[in-house]
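# Descriptive analysis of the structure
Okay, here's what each chain looks like letter by letter:
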Amino acid sequence: MPRISAAERGAAVEERAIEVPRELQREMYLKMLQIRAFEEKVAYFFSRGMVHGTTHLYMGEEATAVGAVASLGDDDFITSTHRGHGHTIAKGIELPRMMAELLGKQSGYCKGKGGSMHIADLARGNLGANGVVGGGIPIATGAGITIKLRGDDRVVACFFGDGAINEGTFHESVNLASVWKLPVIYICENNQYGMSMSVRRATNIDDLSLRAKAYGIPGTRVDGNDVLAVYRAVREARDYVRKNGPVLIVAETYRFSGHSKSDANRYRTKEEIAEWRERDPIARMRKRMLEGGSATEEELVELENGARRSIEEAVKYAEESPESSIDELETDVYAD
Amino acid sequence: MREITYAEAIREAMSEEMRRDPSVFFMGEDIGVYGGAFGVSVGMIDEFGPERVRDTPISEAAIIGAAAGAAVTGSRPIAEIQFSDFVAIGLDQLGNQAAKMRYMFGGRAQVPMVVRAPAGSGTGAAAQHSQSQEAIYCHIPGLKVVTPSTPYDAKGLLKSAIRDNNPVVFLEQKLLYRVKGPVPEEEYTVPLGRADVKRTGRDLTIVTWGRMAGMCLETAVRLAEEGIDVEVVDLRSLVPLDKETVVESVKKTGHLLIVHEAVQSAGYGGEIAALVADSEAFFYLDAPIRRVAGLDVPIPYNPTLERNAVPTPERIERAVRDLLG
């Protein structure tokens, strides 16, 4: 984990202890557990050929989505990525219907037309996962225009990976948001690889948050495996962007699984993976809650059992749901 | 009836819709004080201010993508791309994002946005500023594609496009911007998906759109002096397509000539030909279906070359005579 000096932090996110209530800590722990359990189930389904297509697992990065989204209001917007299960669950989607979508069922969020890479939950401000790297960044920016024109106080959290930071859409969008002072929090999840391409080989800087300087906006780096640190950083950013325009937050994290199901992990070492597993965001939060007295062992076990149960129920619902209807094949192309 | 230019008609459509609906806003390069590269938006920033008439940096992907993001969150953006050729820079946002959101999300998203862009050759700007690329957009389910040939249609279609709940690619004809035509003072709209028979005739149907509609009409008037009676069907909107008007016209005349400025190969004219070949109108045809379209070359700079890279009145007239031969 690269060390983050105070000097590297931007004006938006200063070292200030924001109190995180016990209840919220437990909620965040539960959300991380749900994401992990959801994806373990998805990985199992894929290995058994029960789900077709591909899937991109978020395991190891849960603290970033959960910490960030926990700091948002219910009606704030997010845009997500191809690795979007974490953001989607963090934003509060109904797990049974999300699982149904992955199994291609009519009761899925997108009637089985979207799948893993295209889940959206517009009612909760989730503008969608995205199959195109960097594809959601302009969309988040446009949501910022709607907020600005209406004059309300919502914000947009725009998630993307270290791969997307080298897409033109990143540059065009962050620049546009900076000149128009749009309330967008750009959150780069640096999981160290764009598929097999190491961020060290893909960019000539060690600290991706330095990119913010080019747009005259605050840039900061946060330990993406520390849910409380992410929560605090995004919480401060949320207040900042409403008044001052966008910020860039780079969350340093790591994906435990391969890029997708085709990944043989040839580009990274077992040692590196093991080292990051030591920093598992869920285990870290558990330890911290126990040590800090935010929860007892019994309470934690109860949350863990609850998370597993919620996924089992989601699976049951999804499996019992009917397949997508062939009658729906040509619907939803155009709105009336 | 009063006469105004095609550019003025477009400006009126935008201004009227912005007065009518506060969720409509307009963004693009140099659309503010400059008034747009073709002067379409002159004065709009004075009425609506810089929040609703937003001058953007030169960032086509962000313009189109931000329009999609604004649309899916409840705004009704009009995005101007300075030349339609540059839509290519934002094509992921148009074709992979805006066009597909509704379907991917199971019908829960609505993306009411218009991408306005000037198309066509004839200005001497050569290969990267002169194309007619409507076929690309027609090939992407989820997009609507409109291209008006008169000031009246431009205004009425643009108002419908702004009110439509889907992404609409609105291709303007840059050589028509200064052309005047009758446009009523009172409110009207022209529905998307309805062709206009610009001239009725007995002998042969020309199906066309955009700038070529005028050229075909002039040819038809000339041929009428010899007693050749040509019907000119201006599609106006390519998606959705008014199949019925095309089929009915061909059934009446028994001859079909398709004229478009875009390059012939894989052009939308092929789609029209296939539509007729696959319809009951096929049995009424007295001659093969013929196309007069752009040559399969980039638009050249030299004026003579440029003029001959796209349909000319002479080529259209020759094709009509051949078909009726």
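Now for a description of the structure that goes with this document. (Residues numbered from 1 in each chain as written. Chains lettered and ligands numbered in written order. Predicted model: local features only at pLDDT ≥ 70, side-chain atom pairs only at ≥ 80, totals over all residues. Heavy atoms only, no water.)

### Here's the deal with the nonpolar core
Of all hydrophobic cores here, the largest spans 149 residues; its most connected members are A:Phe160, A:Ile185 and B:Leu235. Looking at this core element by element, the count peaks at 11 residues for helix H1 (residues 22-47) of chain A. There are two domains that each give this core at least three residues, and those are domain 1 (3-182) and domain 2 (196-324) of chain B. Grouped together as the second largest cluster of nonpolar side chains are 32 residues, B:Tyr6, B:Ala154, B:Ile162 and B:Phe170 included. (Core = buried A, V, L, I, M, F, W, Y, C linked by side-chain atoms within 4.5 Å. Buried < 20%, exposed > 50% of the residue type's maximum accessible area, 1.4 Å probe, protein only. Helix = DSSP H or I, 4+ residues; strand = E, 2+ residues; numbered from the N terminus. Domains from an automatic or database assignment.)

### Regarding the pattern of salt bridges
All names here are of chain A. By the definition in use, this model includes 53 salt bridges over all chains. The partner of Glu304 in a salt bridge is Arg286, with the nearest N and O atoms 2.7 Å apart. Highlighted residues: Glu304 in helix H11 (residues 297-320) and Arg286 in helix H10 (residues 281-292), separated in sequence by 18 residues. We note that Glu304, like Arg286, is buried. For Glu320, the salt bridge goes to Lys316, with nearest N and O atoms at 3.2 Å. Of this pair, Glu320 and Lys316 both sit in helix H11, four residues apart, which is roughly one turn of that helix. (Salt bridge = Lys/Arg side-chain N within 4 Å of Asp/Glu carboxyl O.)

### Considering the interface of chain B and chain A
Note on interface size: it is often stated as the accessible area lost on association of the parts. Contacts between the two partners involve 42 residues from chain B and, on the opposite side, 44 residues from chain A. For the chain B and chain A pair, buried surface summed over both sides reaches about 3,300 Å², with 61% attributable to carbon and sulfur atoms. When the area that chain B buries against chain A is broken down by residue, the three leading residues are B:Thr73, B:Tyr103 and B:Phe105, summing to 21%. Put simply, chain B and chain A have zero salt bridges between them. Run the count over chain B and chain A and you get 18 residue pairs in polar contact (both at pLDDT 80 or more). In terms of residue class, the side of chain B that touches chain A is made up of 17 nonpolar, 16 polar and nine charged. (Contact = heavy atoms within 4.5 Å. Buried area = accessible area lost by both parts, 1.4 Å probe. Polar contact = N/O pair within 3.5 Å; in protein donor to acceptor, adjacent residues only side chain to side chain. Nonpolar A, V, L, I, M, F, W, Y, C, P; charged D, E, K, R; others polar.)

### Structural notes on the sheet that holds strand E1 (residues 77-79) of chain A
All names here are of chain A. Within the open sheet, the five strands sit side by side as E1-E2-E3-E7-E6. Their pairing is parallel. Here the strands that pair on one side only, and so sit at the sheet edges, are E1 and strand E6 (219-223). Each neighbouring strand pair of the sheet contributes to a mean axis angle of 20 degrees, computed without reference to strand direction. (Pairing = 2+ DSSP bridges. Axes fitted to C-alpha atoms, helices over the stretch in contact; angles between N-to-C directions.)

### A word on the packing of aromatic side chains
A complete count under the given rule lists 13 aromatic pairs over all chains for this structure. A centroid spacing of 5.2 Å and a plane angle of 35 degrees characterise the contact between B:Phe38 and B:Tyr177, whose relative ring orientation is tilted. A residue pair is termed long-range when its members are at least 10 positions apart, and B:Phe38 in the loop between strand E2 (24-28) and helix H2 (44-52) and B:Tyr177 in the loop between strand E7 (167-173) and strand E8 (180-182) qualify at 139 residues. Ring pairing ties together the aromatic residues B:Tyr6, B:Phe38, B:Phe83, B:Phe86 and B:Tyr177, which thus form one cluster. Geometry around A:Tyr109 places A:Arg97 over its ring, the cationic atom sitting 4.1 Å from the centre. The ring of A:Trp276 carries the charged tip of A:Arg279 above its face, separated from the ring centre by 4.2 Å. (Phe/Tyr/Trp six-rings, centres within 6.5 Å; stacked < 30°, edge-to-face > 60°. Lys NZ or Arg CZ within 6 Å of the ring centre and 35° of its normal.)

### Some thoughts on the pairing of strand E4 (residues 76-80) of chain B
Residue and element names in this part refer to chain B. Counting buried positions along E4 gives five out of five residues, so the element sits mostly inside the fold. Both faces of E4 are covered, namely the face carrying Arg76, Ile78 and Glu80 and the face carrying Pro77 and Ala79. Two strands pair when backbone bridges link them, and E2 and E4 are joined in this way by five bridges, in the parallel orientation. Each residue of the ladder has a partner; that of Phe25, found in E4, is Pro77.

### Points about the side chain of B:Glu261
All names here are of chain B. Looking at where Glu261 falls in the secondary structure, it is placed in strand E13 (residues 256-263). With a relative accessible area of 8%, Glu261 lands in the buried category. Polar contacts involving the side chain of Glu261 include one to the side chain of Arg211, which spans 3.4 Å. Other than its neighbours up to four places away in sequence, Glu261 contacts Gly120, Ser121, Ser130, Ser132, Gln173, Arg211, Met212, Gly294, Val310 and Pro311.

### Regarding the environment of B:Thr245
Residue and element names in this part refer to chain B. Structurally, Thr245 is set in helix H9 (residues 243-253). With 90 residues separating them in the primary sequence, Thr245 and Lys155 have C-alpha atoms 22 Å apart. In this structure Thr245 touches Ala195, Val197 and Val233, once residues within four positions along its chain are discounted. In terms of polar contacts, Thr245 uses its side chain to reach the side chain of Asp242, at 2.7 Å.

Limitation: the analysis is restricted to geometry and does not speak to function.
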